[in-house]
Amino acid sequence: MTVTDSAGKVVLKAEGISKSFPGVRALREVSFDLRAGEIHAICGENGAGKSTLIKLLSGIHAHGSYEGRFEVGGEEARFGSIADAGRAGIAVIYQELALVEEMTVAENLFLGSEPKRLGGVLVDWPRVYREARGLLGRFEVELDPAAKVGDLGVGQKQLVEIVKALAKESRILILDEPTAALAEHEVQVLLGILRDLKKRGIACIYISHKLEEVFAVADRITVLRDGATIVTKAASEMDRGGVIRHMVGREIGDLFPRRAGSVGEVVLEVEGLGAGGAEGSEMELEGVSFSLRAGEVLGIGGLMGAGRTELLMHLFGCWGRRRAGEVKLLGVDTGRAGPSELLRRGMGLVSEDRRRYGLVLEQEIGFNLSLASLRQFSRLGFVDRQAERQSNEGLFSALRVKAPGLEEVVGRLSGGNQQKVVLGKVLMTEPKVVLLDEPTRGIDVGAKLEIYELVNRLTAEGKAVILVSSELPELIGMSDRILMLHEGRVGGEFAREEATQERLMEAAMG
Ligand SMILES: Nc1ncnc2c1ncn2[C@@H]1O[C@H](COP(=O)(O)OP(=O)(O)OP(=O)(O)O)[C@@H](O)[C@H]1O
Ligand SMILES: [Mg+2]
């Protein structure tokens, strides 16, 4: 792979692309071009059509299912499958990774295209490993080709995906929200690799809700809104505010509209909590103490692996064995109560991993929203469908879920809109203590604001919120108090006024 003399040449062009799903016009005459050696970011709110555009480009939605025309390398492209797009030099890295966990790095890199020997009968394993080592070296990725993929962290897996895509000599690399699950240093590694690829003349489409990243790497930015192209401009001619304005189509005021209200009784009391996972798990919580009052937002921060998610899951009875201390919910010890009992007693958890814990993807929005609250609508053993429908509709519009209606299947919603449904499902149980684990991950600015307003409304109603977030500005902006965890212990507690990013970071590092 050498630096091309064709840098700057248009390698991909979309003209007047329109795509509809039943009840939704996902793309409206989108035009777009991508040049060799550029990183072109696509920004837009949840449901704006970003992933749909990518799916057309990568053959997931085949030619014939949309209007308009794609050109790759100057020729019309009509992809009938992912393989067609791959042959045309397009590689896509989705947020949900597609590696085989049981196989090694090298095996994954050459899956389906292993070098063969003895006339193509046997895989030439020494060569697989030799070439894998060469590839990893070429992209300066320090990974052992013999390591099992299942043992790698998310960030490392992502690197394997990228190297795999590039091994096929792809000229166009597409990343759809690649950093949503990465730790900060992994994000930096990824951005570094992208800059490097640029120098090799590879063209890259980069989708992310994190505007800092967009501005750190993008040469040009295209904003989509409601399926239409709003603007394409050099990143150097735009700023954050401008991108956000184009995305939402209106002026946005305060990004963190926290309104602290009056604070009431202690609703949750955690005293000297010690807990550990099952055998083999390293995470342990130790000596964690704090209290939470009605009307309050307690932010919890920390580095990846500090125990934030474990703490929330333990409070909700779904992680770890208690070894010490006690947890009182509305004055009563929670003991060994599990999630369903705690739900009944007034606690709700919005989990970070919505695909695993939050949603039944093949069911309708309505079904998912009232899933956890059916007893609330039950009278003498019958479900009051009308009451159920009313609450569903109330939440559906309060959360501004972007879908034709409650009957839409959740799996078809865009990522951010799925997150809103998870939130709605928990809120419908009317919890007094709401645990939110990264509630705005993968969510656009407009929807973030809606979620922040919701947090304000909850606390104004006297509910208490614990907010776990990796984004320090969000933590500082939306919490009344902040607890930083470090290796399973409390590394520091800060009132909102005294919290600065530097101080919080220091506490997180121990
Ligand atoms: N397979 C599908 N069937 C029906 N509707 C769909 C399907 N895929 C996407 N949509 C709809 O098309 C619109 C665009 O969705 P898309 O996934 O492209 O949004 P996005 O910009 O990627 O959003 P996000 O930032 O939340 O990932 C949404 O209204 C979505 O509900
Ligand atoms: Mg998307």
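Nothing here was measured: the structure is a model prediction, and the numbers come from that model.

**Details of the environment of A499**
Topologically, A499 is positioned in the loop between β24 (489–495) and α17 (501–509). Here the alpha-carbon distance between A499 and L436, two residues 63 residues apart in the chain, equals 20 Å. Non-local contacts of A499, meaning those with residues more than four positions away in its chain, are made with I476, I482, F494 and L504.

**Some points on the sheet that holds strand β1 (residues 10–21)**
Taken together, the four strands give an open sheet; going across it, the order is β2-β1-β4-β5, and neighbouring strands pair in antiparallel fashion. Since the sheet does not close on itself, it has two edges, and those belong to β2 (24–35) and β5 (75–77), each with one partner. Here the strands of the sheet are splayed against their neighbours by 25° on average, with no regard to which way each runs. As paired elements, β1 and β2 share eight bridges and run antiparallel to each other. Its bridge partner lying in β2, S20 is registered against R25.

**Some points on the domain arrangement of the chain**
Examined at the domain level, the chain breaks down into domain 1 (1–89 + 171–251), domain 2 (98–168), domain 3 (263–346 + 431–443 + 455–510) and domain 4 (356–430). For domain 1 and domain 2, the distance between their C-alpha centres works out to 26 Å. Across the contact, 10 residues belong to domain 1 and seven residues belong to domain 2. No other element matches the four residues that helix α6 (residues 184–199) contributes to the side of domain 1 that touches domain 2.

**Examining the site of ligand 1**
Taken together, 20 residues lie around ligand 1, and F21, N46, S51, T52 and S414 are the ones closest in. If you list the elements that add at least two residues to the shell around ligand 1, you get β2, α1 (50–57) and α14 (415–427). Split into classes, the residues belonging to the shell around ligand 1 amount to six nonpolar, 10 polar and four charged. Two domains share the shell around ligand 1, each providing at least three of its residues, namely domain 1 (1–89 + 171–251) and domain 4 (356–430).

About the thresholds
- Residues numbered from 1 in each chain as written.
- Chains lettered and ligands numbered in written order.
- Predicted model: local features only at pLDDT ≥ 70, side-chain atom pairs only at ≥ 80, totals over all residues.
- Helix = DSSP H or I, 4+ residues; strand = E, 2+ residues; numbered from the N terminus.
- Contact = placed C-beta atoms within 7 Å.
- Pairing = 2+ DSSP bridges.
- Axes fitted to C-alpha atoms, helices over the stretch in contact; angles between N-to-C directions.
- Domains from an automatic or database assignment.
- Near = placed C-beta within 6 Å.
- Nonpolar A, V, L, I, M, F, W, Y, C, P; charged D, E, K, R; others polar.

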